[in-house]
Amino acid sequence: LAYKGEEPVEVRRLDGMRLPMLKGRRVSFVKIDVEDMEVQVVQGARGFLVTHRPIVFAENVQYFEEGSQAFLTEMTRNGYACIEALQDPDSEQATDPLSFVCRPKEPV
């Protein structure tokens with residue numbers, strides 16, 4: 001599937017969304033893949049991250065290609081520790097070498 005051109009995209013803060021389908025349950029995992037907007041996503045989900053404390057899998061090309069620490073700094077501010085998601089040479093499962101796995105520093 002090829003895409004050419006532009007289209008408007010609605011941007012909403014995760015902290016501002018009502019999620020009645022959760023019915024009080026905790027979200028345990030979040031994947032972030034937003035093409036260089038990772039810091040803004042984390043900033044817009046600060047309350048969500050504090051409340052749910054999910055493990056976060058996030059692509060972050062800016063770190064791997066440009067050395068930017070912005071995403072890691074923002075995750076640290078939110079009480080997370082991040083490690084690079086590396087390819088396991090003994091596994092046939094592919095992993096994304098441009099990503100991080102982040103977990104809350106305190107036990108959940």
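Residues numbered from 1 in each chain as written. Predicted model: local features only at pLDDT ≥ 70, side-chain atom pairs only at ≥ 80, totals over all residues. Heavy atoms only, no water.

1. Things to note about the state of the cysteines
- Applying the stated rule across the entire model yields one disulfide.
- Covalently, C82 is tied to C102 through a disulfide, its sulfur atoms 2.2 Å apart. Between C82 and C102 the sulfur-sulfur dihedral comes to about 110 degrees; the bridge is accordingly right-handed. On the criterion of sequence distance, the pair formed by C82 in strand β3 (residues 80–84) and C102 in strand β4 (residues 99–104) is long-range, its members being 20 residues apart.
- Residue class for C82 comes out partly exposed when judged on its relative accessible area of 23%.
- A relative accessible area of 0% places C102 in the buried class. (Disulfide = S-S within 2.5 Å. Helix = DSSP H or I, 4+ residues; strand = E, 2+ residues; numbered from the N terminus. Buried < 20%, exposed > 50% of the residue type's maximum accessible area, 1.4 Å probe, protein only.)

2. Focus: the environment of T76
- Considering the arrangement of structural elements, one finds T76 in helix α4 (residues 70–77).
- Of note is the side chain of T76, whose polar atom sits 2.9 Å from the backbone oxygen of L72. (Polar contact = N/O pair within 3.5 Å; in protein donor to acceptor, adjacent residues only side chain to side chain.)

3. A look at unusual backbone geometry
- Positive phi, close to 50 degrees, is recorded for K23, a residue that is not glycine.
- Within the element layout of this structure, K23 appears in the segment before β1 (29–32).
- Positive phi, normally seen in glycine, also occurs at D36, with a value near 70 degrees.
- Along the chain, D36 falls in the loop between β1 and α1 (38–44).

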